[in-house]
Amino acid sequence: MSYSVGQVAAFAGVTVRTLHHYDKSGLLSPSGRSQAGYRLYDEADLVRLQQILFYRELGFPLDEIAEIFKDPQANALDQLRARQEQLEAEIARLRRLSEVARQAIEVQRTGVPLTPQERFEVFGEITADLSYATEAALKWADSPGQRESMARAAAHSKEDWRQLMGEATAWRAELLAAFDDGEPSDGERAMDLAEEHRLHISRWFTACPPDMHRRIADDFAADPRAFALVVPPTRQRPGLAAYLCKAVHANAARRVDGGDDRRARWTDEPEENR
């Protein structure tokens, strides 16, 4: 039994144009023609079309499908195995992106319903770059600290955020003053400010041991989007991010080498982190 191109298109859920393209490319040429010259497909043609659509559904381009058809026994198994690996990698990537999207939404919401005016009152010029938040979520996705930080941020009330940002503003003013006064990055004043920043993270987000603090500071020095979370661009100075990074590294070395366990002036580290 033979079928017209329109009938086959209806059976397979494809367009007539698609069947014409398969014919012109040599991928699926109909076995016969009517007396009027119209394409006619037999059962074997329909089986081949099913195979084409199967490979297309798996994402194979037409040229690779043509290669498989040249020697199905030699090519199909290797091609399918390779495609399976690609699909599994893509599934894993999409799962990661889904989790990142969820976390990015939480970052944007900050766990607190705020009007634009309230958001400005609380956060001022500090804003989260969504692209950076997404990359950071991917980078730290497997970290318990990242999960704890997101959970605690989501649980903060508006008053929590007001207090948190007030403390950060006071700290930032002292950092700028130390930098402008020419204090060395490995001096007591700069290292004490680095320690205050570490304890601030521990208090409001997640336990921040010196090694983690160094990695955070490295991000500040390497990525302007990260540093903008602590010092808005309008308040930054050339070299300030590197200055803070060096102060954090110096403070971490002081704590590890000297066992310094002093506490910052305006915040206390949670008891469970001591």
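Sequence order sets the numbering: in each chain, residues are counted from 1 along the sequence as written. With the structure being a predicted model, the display of local features is reserved for residues of pLDDT at least 70 and the display and counting of side-chain atom pairs for 80 or more, all residues being used for whole-chain, interface and lining totals. Side-chain descriptors were evaluated using all non-hydrogen atoms of the structure, hydrogens and water having been removed beforehand.

Caption draft 1: Inspection of the side chain of Asp 23 at higher detail. Following the sequence through the fold, Asp 23 ends up in helix α2 (residues 16–25). We call two residues in contact when some of their heavy atoms are within 4.5 Å. Beyond its immediate sequence surroundings of up to four residues, Asp 23 is in contact with Leu 28, Ser 29, Pro 30, Arg 33 and Arg 39. Each helix is a run of H or I in the DSSP string that is no shorter than four residues. Each strand is a run of E no shorter than two, and both are numbered from the N terminus.

Caption draft 2: Main features of the pattern of salt bridges. Every case where a carboxyl oxygen of Asp or Glu lies within 4 Å of a side-chain nitrogen of Lys or Arg is listed as a salt bridge. Tallied over the entire structure, the rule returns 14 salt bridges. Residue Lys 70 is joined to Glu 67 by a salt bridge in which the shortest nitrogen-to-oxygen separation is 2.9 Å. You can see Lys 70 and its partner Glu 67 sitting in helix α4 (residues 62–70), three residues apart, about one turn around the helix. The class of Glu 67 is partly exposed, set by a relative accessible area of 37%. Here Glu 167 ties to Arg 203 by a salt bridge, and the two come within 3.1 Å at their closest N and O atoms. With Glu 167 in helix α9 (residues 158–180) and Arg 203 in helix α10 (residues 188–204), this pair connects stretches of sequence that are 36 residues apart. For every residue, the accessible area obtained with a 1.4 Å probe (protein chains only) is divided by the maximum for its type, and the residue is called buried under 20%, exposed over 50%, and partly exposed between those limits. By relative accessible area, which is 10% here, Glu 167 ends up buried. One network of salt bridges, with partners in common, ties together Asp 23, Arg 33 and Arg 39.

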